[in-house]
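# Coordinate inspection notes
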Amino acid sequence: MAPAAIWLVVFFLAPLVQVVRLSFSADEFGLTAKGWSLGSYTAALGAFLPNLANSLTIGLLATTVAFLVGVPLAYGISFYGGRRRALLLFLAVAPFLTSYLVRVISWQTLLGASGPVLGPLKSLGLVGDRFVVMGTSFSVVAGLSYQLIPFVILPSYAAFQRVDRDLCAAAADLYSGRWGARGAVLGSVLGLAVGMLAVYTLSGRRLDLSPTAALALLAFAMVGALVAASVTESFLHVVLPLSVPGLTAAGVLTFIPALGDYVNAALLGNVRTQMLGNVIQTKFLTELDYAGAAALSSLLLAITLAILGLYLHRLRGTAVLDLV
Amino acid sequence: MFAPVLVMIRYSLNDSGTRFNYVLHRFSVDAWMHPLDVPQLGLAIRNSLTVAVIASLLAVLLGTPFGYALGRYRFRGKSMASSLTFLPLATPEIVMGAGLLTVSVASASTAPFKTLLPEGLLYPLGMVTVVIAHATLGLSFVIINVRARVDRETLVLEEAAKDLGAIAPTVFRTIWLPALWPGVVSGGLLVFAISLDDFVLTNFTAGSTVMFPTWAYGLLRRELPPQVDVVGVMMFAVSLVAVIAAGALGRRRGVR
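This text gives an overview of the structure that appears in the document. On a predicted model such as this, the values are computed, not experimentally measured, just so you know.

Calculation criteria
- Residues numbered from 1 in each chain as written.
- Chains lettered and ligands numbered in written order.
- Predicted model: local features only at pLDDT ≥ 70, side-chain atom pairs only at ≥ 80, totals over all residues.
- Heavy atoms only, no water.
- Helix = DSSP H or I, 4+ residues; strand = E, 2+ residues; numbered from the N terminus.
- Buried < 20%, exposed > 50% of the residue type's maximum accessible area, 1.4 Å probe, protein only.
- Contact = heavy atoms within 4.5 Å.
- Salt bridge = Lys/Arg side-chain N within 4 Å of Asp/Glu carboxyl O.
- Polar contact = N/O pair within 3.5 Å; in protein donor to acceptor, adjacent residues only side chain to side chain.
- Nonpolar A, V, L, I, M, F, W, Y, C, P; charged D, E, K, R; others polar.

### Quick look at unusual backbone geometry
You will see that L288 of chain A, though not glycine, has its phi angle at about 55 degrees, which is positive. Of note, L288 of chain A is situated in the loop between α12 (276-287) and α13 (290-315). Looking at L288 of chain A, the relative accessible area reads 40%, which means it is partly exposed. Backbone geometry at Q40 of chain B places phi at a positive 75 degrees, although glycine is not the residue there. Residue placement: Q40 of chain B occurs in the loop between α2 (30-33) and α3 (41-72). For Q40 of chain B, a relative accessible area of 44% corresponds to the partly exposed category.

Have a look at this one:
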């Protein structure tokens with residue numbers, strides 16, 4: 001096993017160390033590190049804070065959307081899939097077997113001004129001629145959350161599969177009710193929170209309080225209340241607690257790639273939706289500002305390690321690899 | 001969920017009449033009849049396939065013993081080794097790509113990289129660096145897949161075989177090979193699919209080498225020919241077959 005360990009140290013750890021070293025380099029626009037300075041960090045933090053904020057808000061919203069799609073799907077397949085479970089799981093992840101870039105291009109087409117969705121709506125006169133979806137924060141979130149769905153489905157399916165079915169049967173006998181009123185209250189609060197995150201992200205990080213936004217918030221709260229009220233108590237007290245470790249793993253493995261993504265923002269967004277990854281990519285590959293790009297990469301790495309640290313701390317005794 | 005795939009299939013059968021294939025105009029099988037009729041597309045596909053094959057073989061060769069050891073033995077530093085395999089999966093690809101890029105550039109001039117790494121291995125950037133990047137990411141997937149095949153049942157079988165007097169090579173051939181084989185193959189196929197699919201690592205490590213995803217990304221500024229969708233559909237079909245084959249193999253040869 002030694003060769004693999006050496007390989008990982010040379011081609012994975014050493015490069016990360018080199019990026020961090022370069023981020024403290026005093027040699028601006030140098031391709032290798034010279035001297036020590038914090039200059040890259042102060043410059044980067046001054047100019048690219050909005051991009052970092054974009055990464056965090058768009059990443060968080062896209063992760064939430066991917067969870068809202070992926071977890072119910074994984075749950076349905078695991079608990080109601082019967083003998084066809086393997087086939088259904090395969091069908092659910094099959095769309096992601098084609099090239100990542102071609103998938104993003106398909107989203108460009110799908111959301112385009114005269115694409116298969118907006119084209120018919122426009123010819124029916126349901127939306128105005130100048131209505132656009134492509135090139136907004138909405139299209140970035142849509143595209144990114146789509147790409148993230150398999151990262152949610154696979155770990156949460158594995159987590160649901162591990163839940164003991166005898167316990168579920170016993171629980172269904174013991175607590176047979178629905179969550180009801182308490183669920184409705186909590187659900188509406190959660191729905192409101194998701195709605196606020198959506199409005200905040202999609203309106204370019206302002207708390208938009210227009211009538212449309214207020215209506216959307218109300219709808220989010222109502223849907224949340226309805227869903228939570230109909231959740232069964234046996235799910236709440238048995239399935240959920242048992243699958244929390246797997247779902248947390250899914251959250252970590254989804255949010256981290258979301259933070260670093262830049263292809264969706266580059267091809268589906270506009271100048272104001274550019275994420276941290278877009279700046280890093282331009283600096284490394286076009287502007288050749290290695291020190292500045294390394295500072296931003298190190299920042300991303302630090303955020304990632306903080307999330308992982310928190311996750312591993314909560315996990316304590318459990319073996320990490322068992323949850324992947 | 002299938003909408004983007006349907007869009008891809010439908011738009012591969014389109015003659016948009018313009019340079020950008022975003023609007024349905026006339027049904028046409030032209031792109032399918034002449035799939036390579038875009039300059040450099042053939043080269044891009046050939047390079048991407050070559051990289052995917054080599055990277056998955058490399059990942060399997062390196063990852064199989066590691067996964068086996070992680071599952072089979074207890075040893076000092078095991079949890080550290082475990083974390084080392086988990087980390088590449090949890091690191092944003094852009095940071096990994098950036099790291100390899102900076103090391104590659106540094107290996108051309110500065111110590112310690114210049115003395116440690118063979119000259120010309122990482123610099124100039126090219127297919128070798130892309131292979132290294134994809135194999136590094138893929139390694140973790142192989143390790144996890146192989147490790148998952150080492151279970152209590154296999155250990156019991158191994159014990160039984162030893163009690164019955166089997167020598168080590170026989171134990172390996174009759175117990176471990178059939179047990180690990182599906183994990184190795186499915187891990188390898190997964191790396192192959194990931195390598196073909198990957199954009200970010202390729203973007204950072206390919207340099208000026210023409211690879212399908214980065215080539216198409218650059219092309220998008222000037223044109224979007226329907227051939228890009230044709231290649232997308234073909235990749236979809238190939239990956240579909242590969243994954244189905246891996247699944248079938250896993251069931252047939254599996255211990256359980």
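### So, the interface of chain B and chain A
Between chain B and chain A, the residue contacts involve 71 residues of the former and 69 residues of the latter. Joining chain B to chain A, the criterion identifies one salt bridge. The salt bridge partner of D197 of chain B is R103 of chain A, with a shortest N-O separation of 3.5 Å. For the interface between chain B and chain A, the tally reads 10 residue pairs in polar contact (both at pLDDT 80 or more). Going through the elements one at a time, α1 (3-12), α3, α4 (78-90), α5 (93-107), α7 (127-149), α10 (200-205), α11 (212-219) and α12 (227-253) of chain B are the ones with two or more residues in the side of chain B that touches chain A. At 11 residues, the largest contribution of residues to the side of chain B that touches chain A is made by α5 of chain B. Across the side of chain B that touches chain A, the residue classes break down as 57 nonpolar, 11 polar and three charged.

### Things to note about the pattern of salt bridges
All names here are of chain B. Taken as a whole and assessed by the stated rule, the structure comprises five salt bridges over all chains. Residue E158 is joined to R72 by a salt bridge in which the shortest nitrogen-to-oxygen separation is 2.8 Å. Taken together, the positions of E158 in helix α8 (residues 152-163) and R72 in helix α3 put the pair 86 residues apart, joining distant regions of the chain. Here E158 falls in the buried class, since its relative accessible area comes to 5%. Salt-bridge contacts for E158 lead to K162; the nearest nitrogen and oxygen are separated by 3.8 Å.

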